[in-house]
Structures are given as C-alpha cells and as structure tokens.
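Summary of the model geometry
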Amino acid sequence: MMQAQFPNEQTPDGEYDRQDDEFRDWIMDEGSLGYPSAKGRYHLYVSWACPWAHRTIIARTLRQLDNVVGMTVVDPIRDDRGWAFREGPGHTADPINRFQFLSEAYIATNPHFQSRVTVPVLWDSKTQRIVSNSDDDIMRMLNQAFQQWTNSPVDLYPENLRQEIDTLNIFMYENINNGVYRAGFATSQGAYEQAVSMLFDALDKMDARLSMQRYLLGQRIVETDWRFFVTLIRFDAVYHGHFKCNLRRIVDYPNLFGYLKDLYQQEGIATTVNFDHITRHYYITHDDINPTGIVPLGPAQNLLAPHGRERL
C-alpha cells in the first residue's frame, strides 16, 4: 500500500476519510446569537487553488461583499508547514495579523489544535479568533448574514428550494466533490476503483439531469451549482490526470461542458478562477502522487465559447 497524503485521514482499507471541520461558529444578520454582522470586522483566508475555498470566494463575489469582508490569498505551494502567506503572483503576505502561516490562526483560536490546517478560514478581527473553517457554513453566512451591507439581489439558498438544495448537496459531496479526492488519495486499488465508479456514475446522472434543464434545480442558479462548478472547473486540468479520474473528461460530456461554460461566463466568475494556482498547487504540493513536480501545460479549453444552454 502506498504512503497516504494525509495518514490521519486514511482507513486501513486505503480509503480517504476527510477530517471534520473544527470551528463552526456563526455570524447572524440580526439578533444576539452568534457573532454580529459587521462591515470590515471579518476576513477570509483562502486559496485560489482549493475548491472548498473557491466556493466562498464565489459567494463573496456574487453577494458583492468585497468591501465588507476582506480576503487574503495564501501561496498555492503548500509544504510540511502548511498554507503560508508570502508575496507572489496572486498571493500576498497577511495584512491583518502578520501571520506567516495559517496554522497560527488555528493555534490562536485553539492552542491544542493538532489536526490538519485547511482553507477557507473566516477570521474575526475583534475577538482575534476563527469564526469558522467550514466552507459550507461560510458560504451560507456570506449569503445571509450581511444583508444590510449589500445591494446584491443574489440568493444562493432560497427558502423554497432549501430541501432540494440540501439533498442534492449531500449527493454531490459524497460522490463528486469529495469523490475526486477519495480517488486521488486512495492507497489501495479497491478503494480507488470504488471511488472512481461512484464518481462517474454520479457525473453521468448529472449530465442526464442537465439535458432537461439549464441548471441543477431549474432556471435559477443556487449554491449547489457553484459547489458543482468548483469541481468541474478543476476536473480536466487536475482530477482527470493527477487523481486518475480518467474514464471521461468533462469536455466529453454533451451537457456538463456546456453547463461549465455557462457558469464560468456568469458575471464576475472568471476572475475567481486561477488555473496557475490550481495546477501548481496540485502537481507540486502532492509530491507523493507527482514526485517529479512537473506541471502539465494543458488542457487547452475555450471556456468563453458559446455554451448553447439558453435553449433549455
């Protein structure tokens, strides 16, 4: 059995079992429960490379919160010390706390923290601690907790669709979002084959679903679409080769590729996609999977080509 990428998150059978999020407090738009909504108080620590962080970047963009919730991007190259703050193309030093490593935020919040340090992180500059490192929760907070500070009409979690969103989110996470990682981080042939089989069965189902409607829940884009998007946008560039999810590419699907282009072409979304950070992170950071550290040049994709989804 090969060496695991994250040994503490590997089962004896070679399956990847992702750790739970450590910090799950909440910002409330109204009332006294949780952290209060405020302009300029909270700060996002993210990576352009990470799909879980990418979700929160998209929510912040669509909700027009750039001047409400600050954001700092870490270096895409992660070593044994974890995510780092450095000056470079598309990433910077930490202007809020002068941290050198994101682990410092975790230790400041819980001095006994010993698990893996992850992005995104939502930081409270007043109490000097992490509010949340759960991308699910942060995405919802950005959607709901800052109403008084934005004029954005976007609602990623509309009340009348919440049950359908929650149900599809679970399916998407187990089979696709985390499915690519279960394939890529598997340390046994059986675990890998099971993950890949579940992944492509789910992708086939989503392709069929999108043959009948423009977005996952009809004519309206909701958070589930963006949860899907962050995996799709990385698929052909990273997961197909690096994680050995190579039964098909997204470009080979009659509906998924058009859907991906449709979402990519939504206002503001292209600016949240950084393929340089994405490819360098995966191919250089995961040196047990790619020991040469060579970063592929491809694939060549025209994400701005007509998508033809308006007809649905």
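Keep in mind that what you see is a predicted model, and the values were worked out from it rather than measured.

Here the bond from V119 into P120 is cis, since omega is 5°, no more than 30 degrees from zero. Within the secondary structure, P120 is located in the loop between α2 (103-109) and β5 (121-124). Of note, the amide linkage connecting G298 to P299 takes the cis form, showing an omega dihedral of 0°. Relative to the helices and strands, P299 is located in the segment after α9 (275-285). One non-glycine residue, Q64, lies in the positive phi region at around 55°. The topology assignment puts Q64 in the loop between α1 (51-62) and β4 (70-73). For Q128, which is not glycine, the phi dihedral falls at a positive 60°. Along the polypeptide, Q128 turns up in the loop between β5 and β6 (129-132). Given a relative accessible area of 39%, Q128 falls into the partly exposed group.

Another point: the packing of aromatic side chains. Within this structure, the stated rule accounts for 20 aromatic pairs. Geometrically, the ring pair formed by W226 and F229 is edge-to-face, given 5.5 Å between the ring centres and 80° between the ring planes. You can see W226 and its partner F229 sitting in helix α7 (residues 223-239), three residues apart, about one turn around the helix. Using a relative accessible area of 0% as the deciding quantity, one classes F229 as buried. Measuring from ring centre to ring centre gives 6.2 Å for F235 and Y239, while their planes differ by 80°; the resulting arrangement is edge-to-face. Highlighted residues: F235 and Y239, both in helix α7, separated by four residues, approximately one helical turn. The two residues F235 and Y239 agree in class, both being buried. Feature note: the residues W52, Y173, Y181, F185, F200, F235, Y239, F243 and Y282 constitute an aromatic cluster, connected by ring pairs. The ring of Y181 has R18 lying over it, and the distance from NZ or CZ to the ring centre is 4.7 Å. The ring of W83 has R78 lying over it, and the distance from NZ or CZ to the ring centre is 5.0 Å.

Take Q10: it is sitting in the segment before β1 (27-28). Expressed as a C-alpha distance, the spacing of Q10 and I107, which sit 97 residues apart in the sequence, is 24 Å. In this structure the side chain of Q10 is engaged in a polar contact, spanning 3.2 Å, whose partner is the backbone oxygen of G14. A polar side-chain atom of Q10 sits 3.5 Å from a polar atom in the side chain of T187.

Each strand in a sheet pairs with another by means of backbone hydrogen bonds, the pair being arranged parallel or else antiparallel. Taken in spatial order, the four strands of this open sheet run β4-β3-β5-β6, and their pairing is mixed. Of all the strands in the sheet, the pair left with one neighbour each is β4 and β6. Along the sheet, successive strands turn relative to each other by an average axial angle of 35°, direction set aside. Where β5 lies against β6, three bridges are found, and the strand directions are antiparallel. For L122, the partnering residue across the bridge sits in β6 and is S132.

What counts, and at which threshold
- Residues numbered from 1 in each chain as written.
- Predicted model: local features only at pLDDT ≥ 70, side-chain atom pairs only at ≥ 80, totals over all residues.
- Heavy atoms only, no water.
- Helix = DSSP H or I, 4+ residues; strand = E, 2+ residues; numbered from the N terminus.
- Buried < 20%, exposed > 50% of the residue type's maximum accessible area, 1.4 Å probe, protein only.
- Phe/Tyr/Trp six-rings, centres within 6.5 Å; stacked < 30°, edge-to-face > 60°.
- Lys NZ or Arg CZ within 6 Å of the ring centre and 35° of its normal.
- Polar contact = N/O pair within 3.5 Å; in protein donor to acceptor, adjacent residues only side chain to side chain.
- Pairing = 2+ DSSP bridges.
- Axes fitted to C-alpha atoms, helices over the stretch in contact; angles between N-to-C directions.

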